[in-house]
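Here's the letter readout for the chains.
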Amino acid sequence: MTTAPTPTTDDAPSPPAPAPAQGRGAWSTLRPLVLRLHFYAGVLVAPSLFVAALTGLLYAASFQAEKIVYDHELTVPVGDRELPVSEQVAAARAARPDGEITAVRPSPEPGATTRVLLSGIPGVDPGHTLAVFVDPYTAKVRGELEQYGSTGALPLRTWIDEFHRDLHLGEPGRLYSEFAASWLWVIACGGLVLWFSRRRTQRKLRGTTGRRRTLGLHGGVGAWVALGFVFLSATGLTWSAYAGAHIGDLRTALGQETPAVSAAAGEHAGHGTAGGAGGDAAHGVGLDRVLAAARAEGLDNPVEIVPPADEGSAYVVQQIQRSWPTKQDAVAVDPATGQVTDVLRFEDFPVLAKLTRWGIDLHTGSLFGLVNQIALMLLALCLILLILWGYRMWWQRGRGSAFGRPIPRGAWQQVPPQVLVPLLALVAVLGYFVPLLGIPLAAFLAADIVLGEIAHRRGRRTYGPASR
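Definitions and cut-offs
Residues numbered from 1 in each chain as written. Predicted model: local features only at pLDDT ≥ 70, side-chain atom pairs only at ≥ 80, totals over all residues. Heavy atoms only, no water. Helix = DSSP H or I, 4+ residues; strand = E, 2+ residues; numbered from the N terminus. Buried < 20%, exposed > 50% of the residue type's maximum accessible area, 1.4 Å probe, protein only. Contact = heavy atoms within 4.5 Å. Areas by Shrake-Rupley, 256 points an atom, 1.4 Å probe, with all protein chains shown as cover. Polar contact = N/O pair within 3.5 Å; in protein donor to acceptor, adjacent residues only side chain to side chain. Phe/Tyr/Trp six-rings, centres within 6.5 Å; stacked < 30°, edge-to-face > 60°. Lys NZ or Arg CZ within 6 Å of the ring centre and 35° of its normal. Patch = residues over 30% accessible without salt bridge, like charges linked within 9 Å, V, L, I, M, F, W, Y side chains within 5 Å. Salt bridge = Lys/Arg side-chain N within 4 Å of Asp/Glu carboxyl O. Expected span 1.5 Å × (residues − 1). Bend = angle between axes of the 7 residues up to and from the residue. Core = buried A, V, L, I, M, F, W, Y, C linked by side-chain atoms within 4.5 Å. Arc of directions from axis to C-beta. Lys, Arg positive; Asp, Glu negative; His and termini not counted.

Draft legend 1. The arrangement of the overall build of the chain in detail. Within the chain, the secondary structure is distributed over 12 helices and 8 strands. Within the span of the chain, comprising 468 residues, buried residues form 49% of the whole. Taking as baseline every contact in the chain between residues at least 6 positions apart, the subset at least 24 positions apart corresponds to 66%. Surface summary for the chain: the accessible area is close to 22400 Å², and the carbon and sulfur share equals 63%.

What follows is the structure in structure tokens.
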């Protein structure tokens, strides 16, 4: 929920007693620890979260911006009849004879262009493809643009997506976004608990001024959006570098990985494929019969046709609709006979595979279209405001002349062993599966202990509100 320090003077932890008082509740001993963790996590992680929120806001807006910027390539006047897909591909091939056709996305709706995707084009990023846009009614080429990913992101959205994911720094840059996602849920949950643990009278905003008003805004807004932050954190980690790998391993161990249609062709594979030269999509029976076979299996638009990878492979036709209701069915079609050799239905996906698909699509703004994108923009805006309010509270805690005092150390000493030991075990497990949470937390604890010991040896070790 919150992303920067939230304590008020009355929130500061009391000086720790040598031992927990009799009858003292677990929460009363944990609250100073949660407060200190929330404070420091907010201060140290907030810069990464601010960048992630700002770039995430831009990414959510890029879906609609893309439709405006690339309107000429994406749309055409609706004609009387669509031409066969093979003719459209031939027109794209005539305009772009170089490269290899990796997929064809027929026009998904009236007035939309067909995309012919080419790889191996000089000047195009090896991880991207070149999309040639063809008018499905006239076979005229409307233009060509670099495309990235399964959602068909064009240059504008691709640039923002990569900025959000890795700051255009490649794999090293992904650490920032995973670091932010790893800590967002911790900060949100900690802030939510702290807010609702305050007395109701302390949560009132009306009639307050100064730091108390900032706290009211920070905590009140954060309480409303905390669950959204937890969702963004969890779904963001599913395809992160390190935590994502652990999640993938866990899904594999549970038999919950995402299935794929078998692209192995039938016994006549490799025969009757005249005209199927390398880089050409017209293998065997051709695109039109392959698409017709997929339609007969119930695969309606939008779909993508992937040509055979070699003489022993089949065409793969798969639905690519990420919006609700999700369409992810796929079939394999023998290039020699035009017969369907394998069928995969989204309804047969394992539960975790479905949840992962929906979670990622909701996170990226695809699942519910414009409504989804507006909700993401509001969440990003709230996160930006919470960070600014959090830093403002820190400044106000220093009486307006300098940044305020940190939350005093030593809070962990108040926690009873029967609570502290299981808590440490839980943190260790979480730290293993989410290393960019565990490693920084361990480093913070080590530094905190060392600094505390130095202060103790110098005779300056203090606790409570009077801490430095």
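Following the structure, the description resumes.
Draft legend 2. The environment of Trp185, seen in detail. Mapped onto the secondary structure, Trp185 falls in helix 5 (residues 174-197). Trp185 sits in the partly exposed class, given a relative accessible area of 24%. The residues touching Trp185, leaving out its near neighbours within four places in the chain, are Val230, Ser233, Leu430 and Leu437. Polar side-chain contacts of Trp185 include one of 2.9 Å to the backbone oxygen of Ser182.

Draft legend 3. Main features of the packing of aromatic side chains. Counted under the stated rule, the structure contains 11 aromatic pairs. Between Trp324 and Phe368 the ring centres are 6.2 Å apart and the planes differ by 40°, which places this aromatic pair in the tilted class. Placement of Trp324 in the loop between strand 6 (315-319) and strand 7 (330-333) and of Phe368 in the loop between helix 9 (351-364) and helix 10 (369-397) is noted, with a sequence separation of 44 residues between them. By relative accessible area, which is 44% here, Phe368 ends up partly exposed. Taken together, a centroid distance of 6.2 Å and an interplanar angle of 35° make the contact between Tyr391 and Trp394 tilted. Highlighted residues: Tyr391 and Trp394, both in helix 10, separated by 3 residues, approximately one helical turn. The exposure class assigned to Trp394 is buried, which follows from its relative accessible area of 17%. A connected cluster of aromatic rings, assembled from ring pairs, spans Phe39, Tyr40, Tyr391, Trp394 and Phe444. Here the guanidinium or amino end of Lys354 rests over the ring plane of Phe346, the centre of that ring lying 5.9 Å away.

Draft legend 4. Geometry of the environment of Gln339. With respect to the helices and strands, Gln339 occurs in the loop between strand 7 and strand 8 (340-344). Contact partners of Gln339, with chain neighbours within four places excluded, come to Ala332, Val333 and Asp334.

Draft legend 5. The arrangement of a nonpolar patch on the surface in detail. Where nonpolar side chains cluster on the molecular surface, the patch consists of Leu250, Leu254, Val351, Leu352 and Leu355 and spans about 450 Å² of accessible area. No other element matches helix 9, which puts 3 residues into the nonpolar patch. Here Leu254 shows up in the loop between helix 7 (243-253) and helix 8 (287-296).

Draft legend 6. How the structure looks around helix 5. Between its first and last C-alpha atoms helix 5 spans 35 Å; for 24 residues at 1.5 Å apiece the expected length is 34 Å, and the two agree. The largest bend along helix 5 reaches roughly 30° and is located at Trp183.

Draft legend 7. Local environment of the nonpolar core. Within the largest apolar cluster, 38 residues are counted, with the highest numbers of intra-cluster contacts made by Leu49, Trp183 and Phe229. Residue assignment for this core shows that the elements contributing at least two residues are helix 1 (26-69), helix 5, helix 6 (210-237), helix 10 and helix 12 (435-457). Among the nonpolar cores identified, the runner-up in size contains 26 residues, and Ile101, Val134, Val303 and Ile305 belong to it.

Draft legend 8. Representation of the side chain of Gln373 in the model. Looking at where Gln373 falls in the secondary structure, it is placed in helix 10. Look at Gln373 and you get buried, because its relative accessible area is 4%. A distance of 2.8 Å separates the side chain of Gln373 from the side chain of Gln64, its partner in a polar contact. From its side chain, Gln373 meets the backbone oxygen of Gly365 in a polar contact 3.0 Å long. Apart from residues no more than four positions distant in its own chain, Gln373 is found in contact with Ala60, Phe63, Gln64 and Gly365.

Draft legend 9. Local environment of helix 7. Among the residues making up helix 7, those that are buried are Ala243, Gly244 and Arg251. One side of helix 7 carries all its buried residues, which in axial view fall inside an arc of 100°. Away from its buried face by more than 90 degrees, helix 7 exposes Asp249 and Ala253. Tucked inside the fold, the buried residues of helix 7 contact helix 5, helix 6, helix 9, helix 11 (417-433) and helix 12. The first or second residue beyond helix 7 is Gly255, which carries a positive phi of 70°.

Draft legend 10. Structural context of the side chain of Glu73. Position of Glu73 relative to the elements: it lies in helix 2 (residues 71-74). One buried charged residue, Glu73, forms no salt bridge at all, with the nearest opposite charge on Arg142 at 7.6 Å. Apart from residues lying up to four places away in sequence, Glu73 is in contact with Thr113, Phe133, Arg142, Gly143 and Leu145.

Draft legend 11. Highlighting the pattern of salt bridges. Scanning the entire structure with this criterion turns up 11 salt bridges. Across the pair Glu66 and Arg157 runs a salt bridge, and its minimum N-O distance is 3.2 Å. Note that Glu66 is positioned in helix 1 and Arg157 in helix 4 (residues 155-166), a separation of 91 residues in sequence. Residue Glu66 is classed as buried on the basis of its relative accessible area of 7%.

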